[in-house]
Amino acid sequence: MLTTSGQRAHWAALGILVLLTLGQLRVFDRLLYSDASQYNFVLQNVDGVLEGRPVSKSWQQRFLAPVLVVALDRVTHDRLQSLRWFLALCAGAANLGLFVLCRARGMPPAQAAAWVLCFALVRLLYTFRLEYPWDGVDILLMLGFGYGVGRGYTLARLWPLLPLGVLNHETILYAPLYELLSAAFAPRSWRSARRAGAWLIACSACIYLLREHFYLGQPNWPGQEFEHATPLLQNHLHVWHNLRQWFWLDLWEGRIFISLSLSSAVVLLGWMLLRSEQRVAALWCLCVLASIVAFGYVNETRHYLLLIAFWFAYAVAQHRVLKDTPSGA
């Protein structure tokens, strides 16, 4: 149990956490809600998913976050306000969740608050000009997943993340991919590989069936141009576009931060592949980055938020608990 001084430190850290989150939301207001064309596009796709007519068929199974946003309408009576509340709640939950994970690993309140501060700052650095509600849920799921794999848990223990992820975003497929890569590096792990492969196939099948069942067709939005989707996957390939952005255009168009961030991350992850205790996580992240280059946009920095959440939680899980730390610290 916490001593009186420990309780004071704990509540003081939570107070700092609240102030930090409120400051973070002020920045979000300036970045995410200053351009009506951007947030209106997000709102159109919230409705589009629920109506079976999102801008892309590959978005159709993302029901979880839109349903929650619409549920907030009963309180706000305004869809934009519901979106703002939802993303704010996700940001606050992410900060609080990381703080709780830090405390669970035995960190004193000040150290846990420092971790959350760093997380929030990095989160702000990579905030894009728009965010979809499923991005906020992605962060929460990856905090849980990163902490779980950092503690050595398998999907047999983390399975509740899978149905939530299937109804939120196809990025949940990264979870069984991680276990599949872990099995590839472990000796005599055919059983684990088969289990991970079964999870991957099951999640992929659920996503495919949800899209096929609920998607009605493209929306009728004036002036909207629709990309050509790949067969079966229904995602859009942007490899050449992204490579040009990464290695050339971003260097000369004021986005060198993105280009250098990506290049530095790839170099660091390549170096980490040489470290046996972290090579699975490193290879997994390289696969995630490769999928962003293939199907996303490298300049949409919101794509990197799930990796940021994963690594913070993973690092917290790897934190060594100091057994001689007083219980009231």
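That block above? That's the structure.
One structure accompanies this document, and this report is about it.

Conventions we followed
- Residues numbered from 1 in each chain as written.
- Predicted model: local features only at pLDDT ≥ 70, side-chain atom pairs only at ≥ 80, totals over all residues.
- Heavy atoms only, no water.
- Helix = DSSP H or I, 4+ residues; strand = E, 2+ residues; numbered from the N terminus.
- Expected span 1.5 Å × (residues − 1).
- Buried < 20%, exposed > 50% of the residue type's maximum accessible area, 1.4 Å probe, protein only.
- Contact = heavy atoms within 4.5 Å.
- Salt bridge = Lys/Arg side-chain N within 4 Å of Asp/Glu carboxyl O.
- Axes fitted to C-alpha atoms, helices over the stretch in contact; angles between N-to-C directions.
- Parallel < 35°, antiparallel > 145°, perpendicular 65-115°, else oblique.

### Points about helix α11 (residues 190–214)
Compared with an ideal rise of 1.5 Å per residue, which puts 25 residues at 36 Å, α11 spans 36 Å between its outermost C-alpha atoms and is within 8% of the ideal. Every buried residue of α11 is listed here: Ala-196, Gly-197, Cys-203, Ile-207, Leu-210 and Arg-211. Contacts from the buried residues of α11 go to α9 (161–166) and α10 (174–185).

### Focus on the pattern of salt bridges
Scanning the entire structure with this criterion turns up 12 salt bridges. The shortest N-O distance in the salt bridge between Arg-79 and Asp-73 comes to 2.6 Å. With relative accessibility at 24%, the residue Arg-79 sits in the partly exposed group. Between Arg-302 and Glu-300 there is a salt bridge, with its nearest N and O atoms 2.8 Å apart. As far as the burial class goes, Arg-302 and Glu-300 line up, both buried.

### Some points on the side chain of Arg-302
The residue Arg-302 is located in the loop between α14 (279–295) and α15 (305–318) in this model. Not counting residues within four places of it along the chain, the set of residues in contact with Arg-302 comprises Tyr-126, Phe-128, Leu-130, Glu-131, Tyr-132 and Asp-135.

### Looking at the packing of helix α2 (residues 36–51) against helix α5 (residues 79–104)
It is the contact of α2 with α5, at a shortest axis distance of 11 Å, that shows an interaxial angle of 95°. As far as their axial angle goes, α5 and α2 are roughly perpendicular. Across from Tyr-39, Val-42, Leu-43, Val-46 and Asp-47 in α2, the residues of α5 making contact are Arg-79, Leu-80 and Leu-83.

### Considering the side chain of His-238
Within the secondary structure, His-238 sits in the loop between α11 and α12 (239–252). The exposure class of His-238 is buried, given its relative accessible area of 7%. In this view, His-238 contacts Glu-227, Val-293, Ala-294, Phe-295, Gly-296 and Tyr-297; residues no more than four positions away in its chain are not counted.

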